[in-house]
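Inside the fold
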Amino acid sequence: MSTKYLWDKKNIVAAVVLGLGISSSAMADTKIPVVASFSILGDLVSQVGGEHVTVKDLVGINGDVHTYSPAPMDAVAVKDARLVVINGLGLEGWLPRLMESAHFKGVEVVASNGINKLTLAKEQCDHHHHPVTEEKCDCDHHNHHHHHGVYDPHAWNSVTNVKTYVKNIEAGLVKVDPANASDYQHNAQVYLQKLDKLQLDIQQQFANIPASQRVIITSHDAFQYFSRDYDVTFLAPQGTSTDAEASAADVANIINQVRDDHVRAVFIENITDNRMVEQISQETGAKIGGKLYSDALSGPNEPASSYIKLMEHNTATISNALK
Ligand SMILES: [Zn+2]
């Protein structure tokens, strides 16, 4: 084997590593590769990890995490990650198989650990055939079996919950990279203060809207934590997942509620098929109040390119429509 061959081989290895955007832990001064299951978590990891991490989101901007099918490159990213951050609460039904096939050996953080969880209503289970579990909901009359939890997974739509997410992510980063612990702690403190300010801003925007007027329609049921924190009622023809369509009866039911309760606005979402909401708007005269970013960030040229921007945009869009 010639010296030249060895030199070439080394460069090929280096090129492959760089080409995949994955830093090798053997190289000095490299960043910690982190995988986040979807874009909102990816932003939180970036806020806490700062310059020390590279973050790969499995489900990207404007993507639907409920119905995602992992790509082969996702297994490569998981395999090489030192930290994987997931939401939990049954959101990422496709993830356990991916983790297994990737032979992941790093640290896994379930960002929602320790939050005050919302349980899915039994009636919603029966009605929408969604949150399937063996113990609490017997929804097996559906022809395929989904593995959703008994809890509503959309916990990030509460700033209080996201403060817990941030603390869990901070702990995960400190565990995989203790040398930079003080930076992670500092970044988390700075970001938690921004979240406190965000929380006050949201409360202020709803303060002058009578509770009886705070009723809106979205296509899928992603805002029950927002509802709990900010006292806005959300109605949705589709359940807490997007993997089954609303029935004609679901839609008719919502149309009646819109008429009876004088619902002021219906909203489209960035991740869903919006024809149903448009139909409800046409049949009831309720205006379309705008687009809400429910389960994913937007691209950089749209209004929800970070978690804080997403919450600011959704709050402004909802409160403007209710005034
Ligand atoms: Zn959702």
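Each value, and the rule that gives it
Residues numbered from 1 in each chain as written. Predicted model: local features only at pLDDT ≥ 70, side-chain atom pairs only at ≥ 80, totals over all residues. Heavy atoms only, no water. UniProt positions renumbered as here; feature names shortened; annotations may be inferred. Donors = N, O, S within 2.8 Å, 3.2 Å for Na, K, Ca; no water. Tetrahedral: all angles 85-135°; square planar, octahedral: opposite > 155°, others 65-115°. Helix = DSSP H or I, 4+ residues; strand = E, 2+ residues; numbered from the N terminus. Contact = heavy atoms within 4.5 Å. Pairing = 2+ DSSP bridges. Axes fitted to C-alpha atoms, helices over the stretch in contact; angles between N-to-C directions.

Where an unreviewed UniProt entry is consulted, the chain appears under the name Metal ABC transporter substrate-binding protein, with the organism given as Photobacterium kishitanii. Listed in UniProt under the heading Sequence similarities (unreviewed entry), the comment for the chain reads: "Belongs to the bacterial solute-binding protein 9 family."

**A short note on the coordination of the zinc ion**
Protein coordination at the zinc ion comes from His66 (NE2), His154 (NE2), His220 (NE2) and Asp295 (OD), with a distance range of 1.9 to 2.0 Å. Taken together, the four donor atoms coordinating the zinc ion and their angles of 95 to 118° define a geometry best described as tetrahedral. All donors to the zinc ion come from one chain, and their sequence spacing reads H-x87-H-x65-H-x74-D. Placement of His220 in the loop between strand 5 (215–217) and helix 8 (224–230) and of Asp295 in the loop between strand 8 (287–292) and helix 11 (307–322) is noted, with a sequence separation of 75 residues between them.

**Overview of the side chain of Ser306**
Checked against the element boundaries, Ser306 lands in the loop between strand 8 and helix 11. Not counting residues up to four positions away in its chain, the partners in contact with Ser306 are Asp43 and Leu297.

**Focus: the sheet that holds strand 4 (residues 107–110)**
Sheet strands line up and pair through hydrogen bonds in the backbone, either parallel or antiparallel. With respect to topology, four strands assemble into an open sheet ordered 2-1-3-4, the strand pairing being parallel. Edge positions in the sheet fall to strand 2 (53–59) and strand 4, since each has one partner strand and no second. Strand after strand, the sheet turns through a mean of 20° between neighbouring axes, direction not considered. Pairing between strand 1 (residues 32–38) and strand 3 (residues 83–86): three bridges, direction parallel. Within the sheet, the bridge partner assigned to Val34 lies in strand 3 and is Leu83.

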